[in-house]
Amino acid sequence: MPQVGQVLAGKYRLERFLGSGGFASVWAARNVEIDRAVALKILTGTSARNSDIVARFVREATLAAKEIHETIVRVEDISRTEHGVPFLVMELLEGQNLAQVVKARGALPQHECAL
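Residues numbered from 1 in each chain as written. Predicted model: local features only at pLDDT ≥ 70, side-chain atom pairs only at ≥ 80, totals over all residues. Heavy atoms only, no water.

Draft legend 1. Broad picture of unusual backbone geometry. With phi around 55 degrees, Ala 9 is a residue other than glycine that occupies positive phi space. With respect to the element layout, Ala 9 can be found in the loop between strand 1 (7–8) and strand 2 (12–20). A positive phi is found at Asp 35, a non-glycine position, where the angle reads about 50 degrees. Inspection of the secondary structure puts Asp 35 in the loop between strand 3 (24–31) and strand 4 (36–43). (Helix = DSSP H or I, 4+ residues; strand = E, 2+ residues; numbered from the N terminus.)

Shown next as structure tokens:
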């Protein structure tokens, strides 16, 4: 498991853990070369050693990097740790997810849902 303060690929310093799913963990990090906040999605556990999952992860990253739209998180780079584990570098978005907004405010008006 990655650790706060660890530097990946010689330039991405992990600052805080954001969450995890079935295949990867997501971290807030900083590109130390240009002093910019980013998010890193790092394959974890057996996923990082499964060649089919790694190939799919890289393929999806490549496709996501080509899709530029204001509602899609921008993929800036794909790299590997010193141990060969692939990770995505994405723009870091701060804020609340939909579940948090609905919990705090209740059902959203239709005009907000259509944005």
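Draft legend 2. Molecular detail of the nonpolar core. Formed by 21 residues in total, the largest nonpolar core has its most connected members in Leu 14, Leu 40, Ile 42, Leu 43 and Phe 87. Of all the elements in the fold, those that place two or more residues in this core are strand 2, strand 3, strand 4, helix 1 (51–66) and strand 6 (86–91). With sequence-adjacent residues up to four places away left out, Leu 40 is seen in contact with Leu 8, Tyr 12, Leu 14, Ser 25, Val 26, Trp 27, Ala 29, Phe 87, Leu 88 and Val 89. (Core = buried A, V, L, I, M, F, W, Y, C linked by side-chain atoms within 4.5 Å. Buried < 20%, exposed > 50% of the residue type's maximum accessible area, 1.4 Å probe, protein only. Contact = heavy atoms within 4.5 Å.)

Draft legend 3. Molecular detail of helix 2 (residues 98–105). The N-capping residue of helix 2, defined by a side-chain oxygen 3.1 Å from the backbone nitrogen of Ala 99, is Asn 97. Downstream of helix 2 by one or two residues, Gly 106 has phi in the positive range, about 85 degrees. (Polar contact = N/O pair within 3.5 Å; in protein donor to acceptor, adjacent residues only side chain to side chain.)

Draft legend 4. Representation of the environment of Phe 87. Within the element layout of this structure, Phe 87 appears in strand 6. For the pair Phe 87 and Ala 24, spaced 63 residues apart in sequence, the C-alpha to C-alpha distance is 8.8 Å. Excluding its chain neighbours within four sequence positions, the residues that come into contact with Phe 87 are Leu 8, Ala 9, Tyr 12, Leu 40, Lys 41, Ile 42, Phe 57, Asp 77, Ile 78, Ser 79, Arg 80 and Thr 81.

Draft legend 5. Representation of the layout of surface pockets within the structure. What the largest pocket holds in volume is close to 290 Å³. Around the largest pocket sit Leu 18, Val 26, Ala 39, Val 73, Glu 91, Leu 92, Leu 93, Glu 94, Gly 95, Gln 96, Asn 97 and Gln 100, which together line it. Residues that form the lining of the largest pocket fall into these classes: 6 nonpolar, 4 polar and 2 charged. (1 Å grid on protein atoms, 1.4 Å probe; cavity = no way out; pocket = protein on both sides within 12 Å on 5 of 7 lines; lining within 4 Å. Points joined across faces, edges and corners; volume = space filled by probe spheres on them. Nonpolar A, V, L, I, M, F, W, Y, C, P; charged D, E, K, R; others polar.)

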